[in-house]
Each structure stands twice: as structure tokens, then as C-alpha cells.
Amino acid sequence: KNEVEQSPQNLTAQEGEFITINCSYSVGISALHWLQQHPGGGIVSLFMLSSGKKKHGRLIATINIQEKHSSLHITASHPRDSAVYICAVRPGNQFYFGTGTSLTVIP
Amino acid sequence: DTAVSQTPKYLVTQMGNDKSIKCEQNLGHDTMYWYKQDSKKFLKIMFSYNNKELIINETVPNRFSPKSPDKAHLNLHINSLELGDSAVYFCASSHPGHHTYEQYFGPGTRLTVT
């Protein structure tokens, strides 16, 4: 069983929709990362969270340490948001990754 | 200016060969990482170096060895390549501070072993 579970695995949305991607983990962590992998393969770090909530543009990430759960929200989704979103957790010096959520935003 | 660069971008080689992938970062970061992404797009950390010390070493075969000549470079050497080593390898760097582990990724190196 993977230490990090993401849902959904695949998501298709219409442009403008509000999107939520969920991440649950089973280990104690010092930080949680949300990564974005573009269709061309490049990986960008979106957020690093250890508590609470962070916002960057149309992206919002939240984490509930007690429930071992994080969500990534995208407001007013756009086709350029189409990518794979990966959750990763850091217990100490280890890293565990989710299998990713593939998002397609249709114009 | 490229923050984290990797060379080569593509590498095709035969089983049994020895190859290296180079990584350089110009961000002044203290820690560098190597990740492997398999054909199912699953990412797994392989190594990280902090000030020339190995601080993470996942259970990867000892055919893989990281080499860090200085803080700005972390190269990955692979001996006796096997078919299962075919993957995309990503280098990344970060500057650990108080609760700060933002990572910057290189563009990846697609390794194909035939």
C-alpha cells in the first residue's frame, strides 16, 4: 500500500470550473508538497505546506495535519492548467509520492 | 538563465554499458536530489546530497552512485545498465531552511536501455 493516496486519478473539467484534488497520507510528516508536471514532462513545485493554507494566484492548497489530508484547489480553471498534479510527503528525510492526478481542462 | 540543468536530455544505450547524467544548479542551494520516474509516471526519490553528504539513500541498486564534486553539482553514475533502468531521471535542488523545502526541478533525462 502506498503511503500517499491521491484522488481522483483522472479528472476532466470544463474551463471555468472549480477543481479539487485530494491527497491522503499514512505517515507522520514534516512537510507536504504539491507538484505540477506539464504534458511536456517538466516538473514545477507549486506549494510546500506544513500547516494551514497557502494561496498562489488561482491555486489554493490546504492541509489538515490531524486528519493526514491535503487538498489542492484550482479556481476558474483554464486549459493551461491541464497537467498531472502530484502530492509528495516528507517524513523526516524521506520522500513519498502519490501516483498523481491527471487533469484535463476543456475549453 | 537555467536554474537546474541536466545533460543529456536523452540517452539511449545498450544493456551492460556504464553511463552518467550530469546535473548543475545555479541557485546557491544546499541540497540536491535525484528522482526516477518510471513508465507509469510514478516518481521515486533516489538520492539527495546536502553539503556533500548523502542524507537520503533509498533502496536503489548499488549500480547507481551519486557523485557531488561541489555544492552546485550532483551527477548520477549508472554501471551495468539494465532494461529496467529505462526511465526519466530528474534532478532537483532546494535550500533547506526553517520549514522551507521548495524544490526546483531540472528538465529530466530520458534514459532508454536497449
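Undergrad: Help me understand the overall build of chain A, please; the structure alone is not making it clear to me.
TA: A count of helices and strands for chain A gives zero helices and 11 strands. Its helices and strands in sequence order give chain A the pattern β-β-β-β-β-β-β-β-β-β-β, from N to C terminus. A globule of 107 residues ought to have a C-alpha radius of gyration of about 13 Å, and chain A, at 13 Å, matches this closely. The buried share among the 107 residues of chain A stands at 46%. Within chain A, contacts between residues separated by at least 24 positions form 54% of all contacts whose residues are at least 6 apart in sequence.

Undergrad: What am I meant to see in the nonpolar core here?
TA: Within soluble globular proteins, side chains that are nonpolar generally end up buried alongside one another. Ranked by internal contacts, the top residues of the largest apolar core, which has 23 residues, are Ile-19, Leu-32, Trp-34, Leu-46, Phe-47, Leu-72 and Tyr-85 of chain A. Contributions of two or more residues to this core are made by β3 (19-25), β4 (31-37), β5 (43-49), β7 (59-64), β8 (69-74), β9 (83-90) and β11 (101-106) of chain A. Contact partners of Ile-19 of chain A, with chain neighbours within four places excluded, come to Leu-11, Ala-13, Leu-72, His-73, Ile-74, Ser-77, Leu-103 and Val-105 of chain A. Core analysis: the second largest hydrophobic core is formed by 20 residues, Ile-21, Trp-34, Leu-76 and Tyr-89 of chain B among them.

Undergrad: Help me understand the sheet that holds strand β1 (residues 4-7) of chain B, please; the structure alone is not making it clear to me.
TA: Within a sheet, each strand pairs with its neighbour through backbone hydrogen bonds, oriented either parallel or antiparallel. Residues and elements named next belong to chain B. A sheet is described by the order of its strands in space; here four strands give the open sequence β1-β3-β8-β7, paired in antiparallel fashion. The open sheet has two free edges, formed respectively by β1 and β7 (64-70), since each of these has just one partner strand. The sheet shows a mean angle of 20° between the axes of neighbouring strands, direction not considered. By the bridge criterion, four bridges tie β1 to strand β3 (residues 19-25) in an arrangement that is antiparallel. Residue pairing for β3: Ser-5 is matched across the bridge by Glu-24.

Undergrad: In this structure, what is going on with the state of the cysteines? I would like to understand it.
TA: Two cysteines form a disulfide when their sulfur atoms are joined by a covalent bond. All names here are of chain A. Evaluation of the coordinates by the stated rule reveals two disulfides over all chains. There is a disulfide in this structure between Cys-23 and Cys-87, and the S-S distance comes to 1.9 Å. Negative torsions about the S-S bond denote left-handed disulfides, and the value of about -65° found for Cys-23 with Cys-87 makes this one left-handed. Of the two residues, Cys-23 is situated in strand β3 and Cys-87 in strand β9; the sequence distance between them amounts to 64 residues.

Undergrad: Help me understand the pattern of salt bridges, please; the structure alone is not making it clear to me.
TA: Opposite charge on two side chains lets them pair, provided their charged atoms get close. All names here are of chain B. Taken as a whole and assessed by the stated rule, the structure comprises four salt bridges over all chains. For Asp-30, the salt bridge identified is with Lys-71, shortest N-O distance 3.4 Å. Separated by 41 residues along the polypeptide, Asp-30 in the loop between β3 and β4 (31-37) and Lys-71 in the loop between β7 and β8 (73-78) bring together distant segments of the chain. Residue classification places Lys-71 among the partly exposed positions, given a relative accessible area of 40%.

About the thresholds
- Residues numbered from 1 in each chain as written.
- Chains lettered and ligands numbered in written order.
- Predicted model: local features only at pLDDT ≥ 70, side-chain atom pairs only at ≥ 80, totals over all residues.
- Heavy atoms only, no water.
- Helix = DSSP H or I, 4+ residues; strand = E, 2+ residues; numbered from the N terminus.
- Rg over C-alpha atoms; globule rule 2.2 N^0.38 Å.
- Buried < 20%, exposed > 50% of the residue type's maximum accessible area, 1.4 Å probe, protein only.
- Contact = heavy atoms within 4.5 Å.
- Core = buried A, V, L, I, M, F, W, Y, C linked by side-chain atoms within 4.5 Å.
- Pairing = 2+ DSSP bridges.
- Axes fitted to C-alpha atoms, helices over the stretch in contact; angles between N-to-C directions.
- Disulfide = S-S within 2.5 Å.
- Salt bridge = Lys/Arg side-chain N within 4 Å of Asp/Glu carboxyl O.

Treat this as a map of the structure, not an account of what it does.
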